[in-house]
Amino acid sequence: FSKILVANRGEIAVRVQQTLKTLGIATVAVYSDPDSSAPPVLMADEAWALAGQTAEETYLDMERIIAIARRCGAEAIHPGYGFLSENPRFARACQNAGITFVGPTPENMEALGDKISSKALAQKAGAPVVPNSPPCSQIDAAVEEFTSTWGFPLLVKATAGGGGRGMRLVNRLEELAAALESAGREANAAFGDGRVFLERYIPHPRHVEFQILADGFGNTVHLLERDCSIQRRYQKIIEETPSPALTPELRQQMGEASLAVAKEAGYVNAGTVEFLLDTGLDARSEKDGGRFYFLEMNTRLQVEHPVTEEVLGIDLVEWQVRI
């Protein structure tokens, strides 16, 4: 590549531009009206106005961003994180325009973006998953079977969710119908997808994720783990590596499971496989024979990627571009 457009703003746009400049690749910034003098705009080799105030008018406008990339001669687009970074329609539109999307394939995003389908893929790869129900909107036979098998407490979760939105903790059967309705309503407002499902609740888990890099030739590696168990309202506050909770044996098992999921998906580029690690305080773990469980796979660079870079001395953005 001789020129790459960074389809984002703020800290991550600066971060990506820093690596591109080190690699000798010209950088293109796009910006909304309020961001016209922001640091990414000032440090880029060239900057193009998106002419709008809101995210919908600017950083989420796929057609305009691709049109700018074609006009300025950018061979690739790096989406950063957030905005269009996990949008398969945008990745496919880049392909159709002859522009490289610096990230996974549209097919990767579609297979792993839905929590139900991604858990099915993980099961096919041999990774343990938290027991869950099919998508549901009311108490039906499948819901009754799930609750009778696993009991309470349980979680209602949005199939397209994240960040705790569309999620409800249910402690009693009497609370379930209202939780299904409110979680579905919130999920539809946040993600445009109101489908929810039930999942066994693990009351005292650790949240451990493995950083993945996969090239286009079938080579897949993990770059150890990040422990992000310290959270508030399902939002991560502190990330650390190595995890204080993992033994060498458990690290190997979870690392192998993360690679198996990535390979089953035919994954390409950087991604993160997330697990719940049961600390052993939930007696129901013995029922499903689990200790750690696949949670989801994020098909993008994550906010917390510098934790891995600091410890291992690896530039993940550089490897995204090289891949």
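Preceding this paragraph is the structure being described.
All values reported here derive from a predicted model rather than from experimental measurement.

Enquirer: Hey, could you go over helix α7 (residues 141-150) for me, with residue numbers and the actual values?
Expert: Those residues of α7 not exposed but buried are V143, F146, T147 and W150. Seen along its axis, α7 keeps its buried residues to an arc of 95°; they face one direction. The exposed set on the far side of α7, more than 90 degrees from its buried face, consists of A141, E145 and S148. Structurally, the start of α7 carries an N-cap: the backbone nitrogen of A142 is 3.2 Å from a side-chain oxygen of D140. Looking one or two residues beyond α7, the residue adopting positive phi is G151, at roughly 70°.

Enquirer: How would you sum up the sheet that holds strand β8 (residues 196-200)? Please name residues and give values.
Expert: Through backbone hydrogen bonds, the strands of a sheet pair up, either in parallel or in antiparallel fashion. The three strands lie next to each other as β7-β6-β8, forming an open sheet whose pairing is antiparallel. Strands at the two margins of the open sheet, each flanked by one partner only, are β7 (168-170) and β8. Ignoring which end each strand starts from, the neighbouring axes of this sheet average 30° apart. Across five bridges, strand β6 (residues 154-158) lies against β8 in antiparallel orientation. For V156, the partnering residue across the bridge sits in β8 and is L198. Across the face of the sheet, α7 comes into contact with β6 and β8 while running at roughly 15° to β8. Running at roughly 25° to β6, helix α8 (residues 176-191) makes contact with β6, β7 and β8 of the sheet.

Enquirer: Can you lay out the side chain of E296 for me, pointing to particular residues and giving the numbers?
Expert: Looking at the secondary structure, you find E296 in strand β13 (residues 292-298). A distance of 3.2 Å separates polar atoms of two side chains, one belonging to E296 and the other to K115. Not counting residues up to four positions away in its chain, the partners in contact with E296 are K115, T272, V273 and E274.

Enquirer: Before we move on, could you go through the pairing of strand β2 (residues 26-31) and cite the residues and values that matter?
Expert: Burial of β2 is extensive: five of the six residues sit out of reach of the surface. Pairing of strand β1 (residues 3-6) with β2, which is carried by four bridges, proceeds in the parallel orientation. The residue bridging K3 from the neighbouring strand is A26, located in β2. The handedness of the β1 to β2 crossover, carried by helix α1 (residues 10-22), is right-handed. The pairing of β2 with strand β3 (residues 46-49) spans four bridges and is parallel. Counterpart to A29 in the pairing with β3 is A47.

Cut-off values and rules
Residues numbered from 1 in each chain as written. Predicted model: local features only at pLDDT ≥ 70, side-chain atom pairs only at ≥ 80, totals over all residues. Heavy atoms only, no water. Buried < 20%, exposed > 50% of the residue type's maximum accessible area, 1.4 Å probe, protein only. Helix = DSSP H or I, 4+ residues; strand = E, 2+ residues; numbered from the N terminus. Arc of directions from axis to C-beta. Polar contact = N/O pair within 3.5 Å; in protein donor to acceptor, adjacent residues only side chain to side chain. Pairing = 2+ DSSP bridges. Axes fitted to C-alpha atoms, helices over the stretch in contact; angles between N-to-C directions. Contact = heavy atoms within 4.5 Å. Right-handed = clockwise from strand over helix to strand, strands pointing away.

The values reported here are purely geometric and, on their own, carry no functional implication.
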